[in-house]
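Observations on the three-dimensional arrangement
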4 protein chains.
Amino acid sequence: MIAVPDLSAVKQALAAQRIETPSWAFGNSGTRFKVFAQPGVPRTPEEKIADAATVNRFTGAAPSVALHIPWDRVDDYAALARYAGDLGVSVGAINTNVFQDDDYKLGSVTNPDPGIRRKATDHLLEAVAVMDATGSRDLKLWFSDGINYPGQDDLRDRQDRLATALREAYDRLGDDQRILLEYKLFEPAFYATDVPDWGTSFAHCVELGPKATVCIDTGHHAPGTNIEFIVAFLLRQDRLGAFDFNSRFYADDDLMAGAADPFQLFRIMYEIVRADALDPARGINFMLDQCHNIEAKIPAVIRSVMNVQEATAKALLVDRAALAAAQRSGGVLEANAVFMDAYNTDVRPLLAEVRADQGLDPDPVAAYKRSGYQERITADRAGGEQAGWGA
Amino acid sequence: MIAVPDLSAVKQALAAQRIETPSWAFGNSGTRFKVFAQPGVPRTPEEKIADAATVNRFTGAAPSVALHIPWDRVDDYAALARYAGDLGVSVGAINTNVFQDDDYKLGSVTNPDPGIRRKATDHLLEAVAVMDATGSRDLKLWFSDGINYPGQDDLRDRQDRLATALREAYDRLGDDQRILLEYKLFEPAFYATDVPDWGTSFAHCVELGPKATVCIDTGHHAPGTNIEFIVAFLLRQDRLGAFDFNSRFYADDDLMAGAADPFQLFRIMYEIVRADALDPARGINFMLDQCHNIEAKIPAVIRSVMNVQEATAKALLVDRAALAAAQRSGGVLEANAVFMDAYNTDVRPLLAEVRADQGLDPDPVAAYKRSGYQERITADRAGGEQAGWGA
Amino acid sequence: MIAVPDLSAVKQALAAQRIETPSWAFGNSGTRFKVFAQPGVPRTPEEKIADAATVNRFTGAAPSVALHIPWDRVDDYAALARYAGDLGVSVGAINTNVFQDDDYKLGSVTNPDPGIRRKATDHLLEAVAVMDATGSRDLKLWFSDGINYPGQDDLRDRQDRLATALREAYDRLGDDQRILLEYKLFEPAFYATDVPDWGTSFAHCVELGPKATVCIDTGHHAPGTNIEFIVAFLLRQDRLGAFDFNSRFYADDDLMAGAADPFQLFRIMYEIVRADALDPARGINFMLDQCHNIEAKIPAVIRSVMNVQEATAKALLVDRAALAAAQRSGGVLEANAVFMDAYNTDVRPLLAEVRADQGLDPDPVAAYKRSGYQERITADRAGGEQAGWGA
Amino acid sequence: MIAVPDLSAVKQALAAQRIETPSWAFGNSGTRFKVFAQPGVPRTPEEKIADAATVNRFTGAAPSVALHIPWDRVDDYAALARYAGDLGVSVGAINTNVFQDDDYKLGSVTNPDPGIRRKATDHLLEAVAVMDATGSRDLKLWFSDGINYPGQDDLRDRQDRLATALREAYDRLGDDQRILLEYKLFEPAFYATDVPDWGTSFAHCVELGPKATVCIDTGHHAPGTNIEFIVAFLLRQDRLGAFDFNSRFYADDDLMAGAADPFQLFRIMYEIVRADALDPARGINFMLDQCHNIEAKIPAVIRSVMNVQEATAKALLVDRAALAAAQRSGGVLEANAVFMDAYNTDVRPLLAEVRADQGLDPDPVAAYKRSGYQERITADRAGGEQAGWGA
């Protein structure tokens, strides 16, 4: 029902799309109530990278993997990057972790104690050193810092401390490196979080300079927040650096991207397409950030990649000329209908074609299951300690 | 239980506090379901100003009144300002209204139709002319603009149109005039609003220049939003221009300030006090913006003024030295306890003293009721058409 | 990609599906800020019914129309029902309105004033008389009753008064009549609503007897509420009487059904299909309840009917055997994949076939536009006063 | 400012108030990101009980302690109860735990696997045996059961399984025993929870019989939920069995009761007072259920007890006669003012008197700090493994 001028351009865009997977999605994860272990879960950074490479092997769309320091701490990061390269993937964003040390009970870079702030800031600098060694471009910063009770600490002082630490990390960046500053409404802080929303992240980025950009985690908003608006707005300001894709019904549920509200994911990807920001050259890092607490991890990541691809395909199929005409003429129902026509299209055959063109199995999940990889890792990864999200 | 170094300073600050009342709060208001009329409601801008002056007469804390154009359109604004002055109040913020003309069905300054955008922008310029005539400093801009359906219009184009109109209004401002840019999550737009959150307002203000500041309406946030954080953050950025105080349990309920969550109002006022921003010289306009749908309007405004005063008194009573000491030492419970000590104090006797010192009745609501004003306006304001919020 | 045992059964179910349209959706509506008038809007109950019949003519799926008393008050209800019948539609649910009289400022059946409670209860009884005259089965009760401020009235007393009024209406019902008791979180009451959630409605229904059932308005829930759970639960309790379909991003936005979250509508309809409750004999009334504030009304209703049909078609296409097998074996991803396979199917061709089989145009919106009906009513309905939602 | 007919009755009610503390609040707790350990945390059920008894020693208001099985599993429950008795406290509610065994990944009593359902149900029966041994009256049931993805399992089937397990547990209850059925919106399940709201809990209780009642955890609701309405409604239905008090800004934050919204806690306690349900003879169990992740645990529990007491004191001070008169006359502002008069009163002096009358220190937190208990347990509880919420 849709008039798309050039289907081959759509297929080309889909074939070029890149989605980054997170090393920690392959480890065990859970809620505060319980972490359920799964067979075959990696025990080392290398095994996580092998799983990420497997996702890439079956999807052809996930050629980089984000690391989390210290969860993925190794002695020789250059060697780790070479290992990844040998498996066909590169090292993506380096994620800092300043929330799991006992010192960080009352905050890391915003802690009232200057010694703890120093330690936390040093960790940020260490992460840039890892970037130097691995060739990563992106320093991803998420601060769980915040307070649980009114009065517990001074909101304004904490912003000043945050700005100081960010400045030091920013100044340490190399020419081709940048900061992705994530925000989150709440959890683990339950009264006030130091970077709670995109506005806070944006304002700090502006203060820092052009190498600082905002990272949108799709699960980190208050109920009712229109995420695609934020996407469009940050693109207009040239401050959108990355996504952490996942989905949620309630809070930061970290479900598979597209699982809870596929229409929302389509609307987000439409703003990307509309701004020509799908092109890797534009520099936006499309990452997954998920917790597969009860489902098998590798196929869950594969499914998530496919969900992002499907949303993107639908976004690419929007008849932009018809849409613009309807919008200009004030045709509320007509414009919405053009938009929904694309959403209602079943794009799975189109993506199957794109995969076949790349020499991939059109059904990545089925191909993965047939591959024997899961059975192999279940058998091989005996002994040692399984990696965990949070360990 | 509280050690406050200087109670006279507290009383002095309370005596100096200024809260601006909105002319429209005295008119009839309601929901989409029904507007319930009340006896004695004003029929003219002059009668609204008379009611505002009455609130000031009994509270001593509300010496200015915000107008809403075209609801308060008159031929001679200078004369209206003199009339207000004669009653002891000045004209405060001039509020624009670009949402009640049939032309604005699909937006005002962001409408896809350039002719309608021109008309809306002209209205903003007209409002500055009103400011010139009345001596007002503040141009308050609230845009109801937005869309109801995905695809209905282009989110990015609308931002460009908004920026264009804001620039034109900004450039028209006199040296001592400024813009207060309000934001609101939703209503009347139900899918995307063009200025939905403080970040959007802030970014436009930065783009515009130093005379553009953010107005926080306490009812315009997503559930769970920490408003005092925004207050602290905007004060740090020197971009907090004003408040629209009211309270809510659900959406933009426009109940009396402090009625739904008095603890939140206290936390907000604490950030004001902590940043020394209570002082009128600091330039923050503390306005009310409420709808008294079912309760008597003048006493409701008086009560709202008193609620803001009580929250302020508690904020002033926080033992800042003890708080800072507890915060620095990481005493979570101790810092919270210092904070709560102030909140749990009954400040009504203190405010009664402040009023008595000013020659006011210590109980403004009772004094109003005894005054006969309500009976007089009920008798006098017969005939004509009652003013309405929205008319 | 889906194995459906019997596609003809699916088509048969779709052909038999019945969706009730609301007379008020054809009138003007808006927000508290503004009601934008539209050309051709009905001026009388008869004209509303004509519009509803037009929706039925093009969709073949909307053979009844709900009335709202007093908005649709006429002298001769039997004649009105005959008029509807002549146009091919029947009179559906009778909606009471106890929120627009000045007396109801502080409530209707829960008002502290016994005289006002009597008046409101009498209106409920009058509505049953209308049902007797029109042959309607369903008495739909929505009470906007509630309070805006803590302490304003006694929560418990109001429940007792509500129970008394409901009992009187219940006892007045004929053998084939029943009550649909709607609930709503908030608006127009902003602190406490007397029937705020399904639990309250359910408990009153149980207290009343078997002829009292719950009506689920899909826009009347707190953020994060899982509506399909409520559907499944009420079906299990045999207390689901009806839906008011519409959609929302924030509060009770009353957008077109399926416009905001088509995946949610699919999940809701799946619970209906799973419980075999689509069959009209099961007695569930699938109504629309929407406000087309800015979009053309008749095509908006047609689109809404189509959206419900599409969600239903997808629900019918779920491979129930495969789903049950995956669920039983604990296959989280596998069960979800079976479910999503149906959702991701483009069912528009299937519904086009169903329409063609019924002698309808496969594209009801286009057929309506070609029909000239809109031009005709725009020309004909000059003079008089347009009907309004809320008037 | 308040006319309270009989202050001695208020003091008597406060002196008689009973609040139950949870054994797990004394253990370590945290979020999915990190559990921060604290010095002196108990290692055994006996040490937890000792801490609970300490809270009672300083508040005089916490004479029972709830246990959690298996966290508090011992060989001889009768001995444990005697140990508690020797310390001046009794064993309160027995909490079941069917969420931390690996078998419960996909649910406990609602699991698709009948063997796992059997195991879970047996645990419920085991808990009743513990009740028999300890003399506990209350079986508290919280089911974390639910699903993370649409389609993962059948919503209706899970209700049937739930009903079956509840029936078996109910039938096992002794004459003086009862079920408290807790509900929770989400977490750890992120799409659908099997007992998500009070309506679901209520309906199951009605199905079970008079010994089944609802437990309201104040942190388990959707944003915007009016909790005091639920309290009033369940009291009217005679189905309110217990509270789990805590407070939250966002989700189930488990902060100290009264810390986030003290006005809400007052409104809740007012409904209790209004229904004469404060009296222990009425059978409502006022429990705390909190996680003190970053603050010292024993003083946090003491503070929480005090917060509930303060809210209760304010509720008792409401001038009921004046309130009823204002309500009856439709005085919105007047009724609200009577209500707020009580809330705005500083009740700390009154509670200090009540404590002094009981021979307690008027400042329980300060008295605890002076007592040396914290230093003693910090020194004594070396070695062994600290108890944890979730372990």
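Provided above is the structure to which this section pertains.
The paragraphs below set out a description of the structure included in this document. (Residues numbered from 1 in each chain as written. Chains lettered and ligands numbered in written order. Predicted model: local features only at pLDDT ≥ 70, side-chain atom pairs only at ≥ 80, totals over all residues. Heavy atoms only, no water.)

**Focus: the relation of the copies chain B and chain C**
Put simply, the rule reads: Superposing copies: least-squares fit, C-alpha atoms only, residues required to have pLDDT of at least 70 in both. Two residues form a contact once any of their heavy atoms are found within 4.5 Å.
The two copies are related by a screw operation: chain B maps onto chain C through 180° of rotation and 0.0 Å of translation along the axis, at an RMSD of 0.0 Å. Seen this way, the second copy is the image of the first under a two-fold rotation axis. Of the C-alpha atoms belonging to chain B, the one lying closest to the rotation axis is found on Arg-32 of chain B, 2.1 Å away. When the interface residues of chain B are mapped onto chain C, 100% of them again lie at the interface, so the same face is used by both copies.

**Comments concerning the interface of chain B and chain C**
The condition that has to hold: Throughout, buried area stands for the accessible area (probe radius 1.4 Å) lost by two parts on being put together, summed over both. Here, a salt bridge means any side-chain nitrogen of Lys or Arg that lies within 4 Å of a carboxyl oxygen of Asp or Glu.
Each partner contributes residues to the interface: chain B has 41 residues there, and chain C has 41 residues. Both sides together, the interface formed by chain B and chain C hides about 4000 Å², and carbon and sulfur atoms give 64% of it. Counting the surface chain B buries against chain C, the share from its top three residues, Arg-32, Phe-33 and Tyr-149 of chain B, is 23%. Our enumeration of links across chain B and chain C arrives at eight salt bridges. Two residues, Asp-102 of chain B and Lys-34 of chain C, come together in a salt bridge whose shortest N-O distance is 3.1 Å.

**Observations concerning the interface of chain A and chain B**
Inclusion rule: Between N or O atoms, a polar contact is any pair within 3.5 Å; within protein, one atom must be a potential hydrogen donor and the other a potential acceptor, and residues adjacent in sequence are included only when both atoms are from side chains. Put simply, DSSP marks the helices as runs of H or I at least four residues long and the strands as runs of E at least two long, and each gets a number from the N terminus on. When residues are grouped by polarity, Ala, Val, Leu, Ile, Met, Phe, Trp, Tyr, Cys and Pro land in nonpolar, Asp, Glu, Lys and Arg in charged, and all others, Gly among them, in polar.
Facing 51 residues of chain A, the contacting portion of chain B comprises 51 residues. Linking chain A with chain B are eight salt bridges, by the criterion used here. Here Asp-154 of chain A and Arg-274 of chain B are joined by a salt bridge, their closest N and O atoms 2.7 Å apart. The interface formed by chain A and chain B includes 20 residue pairs in polar contact (both at pLDDT 80 or more). Elements with a minimum of two residues in the side of chain A that touches chain B: helix 5 (155-172), strand 7 (192-193), helix 6 (198-208), helix 7 (227-236), helix 8 (262-274), helix 10 (320-328) and helix 11 (332-344) of chain A. Per-element accounting of the side of chain A that touches chain B gives the leading share, seven residues, to helix 6 of chain A. Its residues assigned to classes, the side of chain A that touches chain B comprises 24 nonpolar, 13 polar and 14 charged.

**Brief notes about the nonpolar core**
Put simply, the test is: In plain words, nonpolar cores are sets of buried Ala, Val, Leu, Ile, Met, Phe, Trp, Tyr and Cys residues tied together by side-chain atoms within 4.5 Å. Buried residues are those whose accessible area, probed at 1.4 Å on protein chains only, stays under 20% of the maximum for their type, while exposed residues exceed 50% and partly exposed ones sit between those limits.
The biggest cluster of nonpolar side chains holds 436 residues, and the ones touching the most others in it are Ile-272 of chain A, Ile-272 of chain B, Ile-272 of chain C together with Ile-272 of chain D. Dropping the residues within four chain positions of it, Ile-272 of chain A is found in contact with Val-231, Leu-235, Leu-240, Phe-243, Ala-277, Leu-278, Ile-284 and Phe-286 of chain A. Counting 88 residues, the second largest nonpolar core, distinct from the first, contains Phe-190 and Leu-255 of chain A together with Leu-255 and Val-332 of chain D.

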